[in-house]
Amino acid sequence: MRRGLALVAVAVTAMVALAFLIPLAAVVKEVAETKALAEAERQATAIVPALVVTVDAKRLERALASTPAGAAGRLAVHVPTGTVGRTRAPADAVASARSRTIRVTGGYVLLRPVALDRGRTVVIEVYAPESDLTRGVATSWAVLTGVAITLVAGSVVVADRLGARVVRATRRLGAAAVSLGSGDLSVRIQPDGPPELVAAGQAFNTMADQVAGLLAAEREMAADLSHRLRTPLTALRLQLGDHGPAAEQVDRLEREVDAIIETARRPARPVAGRCDAAEVLRERLVFWSALAEDQGRPWELVGADVPALVPVAATELSAVIDATLGNVFRHTPQRTPFTVTLHQGSGIVGILVADAGPGIADPEGALKRGHSGAGSTGLGLDIARRLAESTGGSVRVERSVLGGAAVQLWLRTAPQTPKPRTRRLLGRALN
């Protein structure tokens, strides 16, 4: 923006300067020429008294030598008996005995006729060299050029200062928007700059206040709803006792409810962290294996014997795996086998959950919350999609080699900077 404003200032100021300075330069040149010719007129007038007294050649030579123009060889008098001094004018011009200015080599010649007694006429010739006609013009043009450059430079400086003010306010507003989008609800800005940016800054602060209020209300509501779950959980624990698989699941559910309450009451900030996807998969498969054994489901974990670091928190990845495996147990008949595969590629880690169930009729809709069908809210796949997209990855639902559904969760571990062709091939792998 600053560069653009500077270029605009240069263009506008240059056009205005040229519009005024070009005519002014022509006027300066014309004034110099007029001044030189006026001096020639004065020199011609200075010799008239001598012509009134005598037209003798020798006396006229002494009279011409007493004038600056005559001493410089620029003054001549044409009398009936001949010419006194150095002449440069054409003979026909002198013979016409008319007052005129003639262009000659190296300058101008001024001819002025003078009428004497007894019908005699003499012609005074004054030579004005080119140097006299352009005297001071170069200096004046240099001064005008300096003025033009100063005006352009000044306009650029002023435009840059104004642009810097606008850019500074715009960058501050953009940085605040990025911080707010990253989860910092406390960010506010001091409106600055032009009135439009001041209004935009005030609108941003108002929006941030409203967003913070809405999220605070949502967190309180989530915490309150989660807190209400403790009462039925406590009653369920009393019925089941403290031992057995069911009691262990109730303990896990209570821990999850506590984690939800704690998370909901914390200020909303992005959850950052890293974890070993292989370790998380092994841990969660140990948990789900007990239910798989009860339902007679064959299962297999492939590729989890090598560490696979991913840029997500272990708790988030565990929630996604639980949601994905929970869909398998919820929407496929008992004794339906499933496999979990961990794939590691260049800058990407994939988790593939495949089953031999009836599959998903609408894979695209399954990724949208509330459209998964089969009486499900689709929340599990929606959570998986948002987790994958937070790393630059993606989620896709396809038909598995076992005949049922295959959920592919791709998590990026490095920024994507491939060449165009590599980008297209990697895009196919992600999809």
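Please refer to the structure higher up on the page.
Now for a quick tour of the structure.

Conventions and cut-offs
- Numbering of residues starts from 1 in each chain and follows the order in which that chain's sequence is written.
- Selection of residues for local features in this predicted model requires a pLDDT of at least 70, selection of side-chain atom pairs for listing and counting requires 80 or more, and totals for whole chains, interfaces and linings are taken over all residues.
- Excluding hydrogens and water, the side-chain values take into account all heavy atoms of the structure.
- Two strands pair under a simple rule: DSSP has to find at least two bridges between them.
- Secondary structure is summarised from DSSP: a helix means a run of H or I of at least four residues, a strand means a run of E of at least two, and numbering begins at the N terminus for each.
- Only Phe, Tyr and Trp rings are paired, with Trp represented by its six-membered ring, and only when their centres lie within 6.5 Å; those with planes under 30 degrees apart are stacked, over 60 edge-to-face, the remainder tilted.
- Whether a charge lies above a ring is judged from NZ of Lys or CZ of Arg, which has to be within 6 Å of the ring centre and within 35 degrees of the ring normal.
- Each axis is a line fitted through C-alpha atoms, taken for helices only over the stretch in contact, and angles between the N-to-C directions span 0 to 180 degrees.
- Throughout, a contact is declared for two residues whenever any of their heavy atoms are within 4.5 Å.

Moving on: the pairing of strand 9 (residues 338-345). Bridging between strand 7 (residues 299-302) and strand 9 involves 4 bridges; their strand directions are parallel. Among the inter-strand pairings, Trp299 is bridged to a residue of strand 9, identified as Phe338. Sheet analysis places strand 9 next to strand 10 (residues 348-355), joined by 8 bridges and oriented antiparallel. If you follow His343 over to strand 10, its bridge partner there is Gly350. What sits between the antiparallel neighbours strand 9 and strand 10 is a turn of 2 residues, in which Gly347 has the positive phi angle 75°.

With that settled, consider the packing of aromatic side chains. Tallied over the entire structure, the rule returns 3 aromatic pairs. Sitting above the plane of the Tyr127 ring, Arg88 keeps its charged end 4.1 Å from the centroid. Taking NZ or CZ as reference, Arg297 lies 4.8 Å from the ring centre of Phe329, over its face.

Strand order across the open sheet formed by 5 strands is 2-1-5-4-3, with antiparallel pairing between neighbours. Edge strands, defined here as strands with exactly one partner in the open sheet, are strand 2 (82-84) and strand 3 (100-104). In this sheet, neighbouring strand axes are inclined to one another by 25° on average, regardless of whether the strands run parallel or antiparallel. Bridging between strand 1 (residues 75-79) and strand 5 (residues 121-129) involves 4 bridges; their strand directions are antiparallel. Each residue of the ladder has a partner; that of Val77, found in strand 5, is Ile124. Sheet strands touched by helix 1 (residues 2-46): strand 1, strand 3, strand 4 (107-115) and strand 5. Its angle to strand 4, the strand with the most contacts, is close to 35°. Taken strand by strand, helix 3 (residues 57-65) contacts strand 1 and strand 2, and its axis lies near 155° from that of strand 1.

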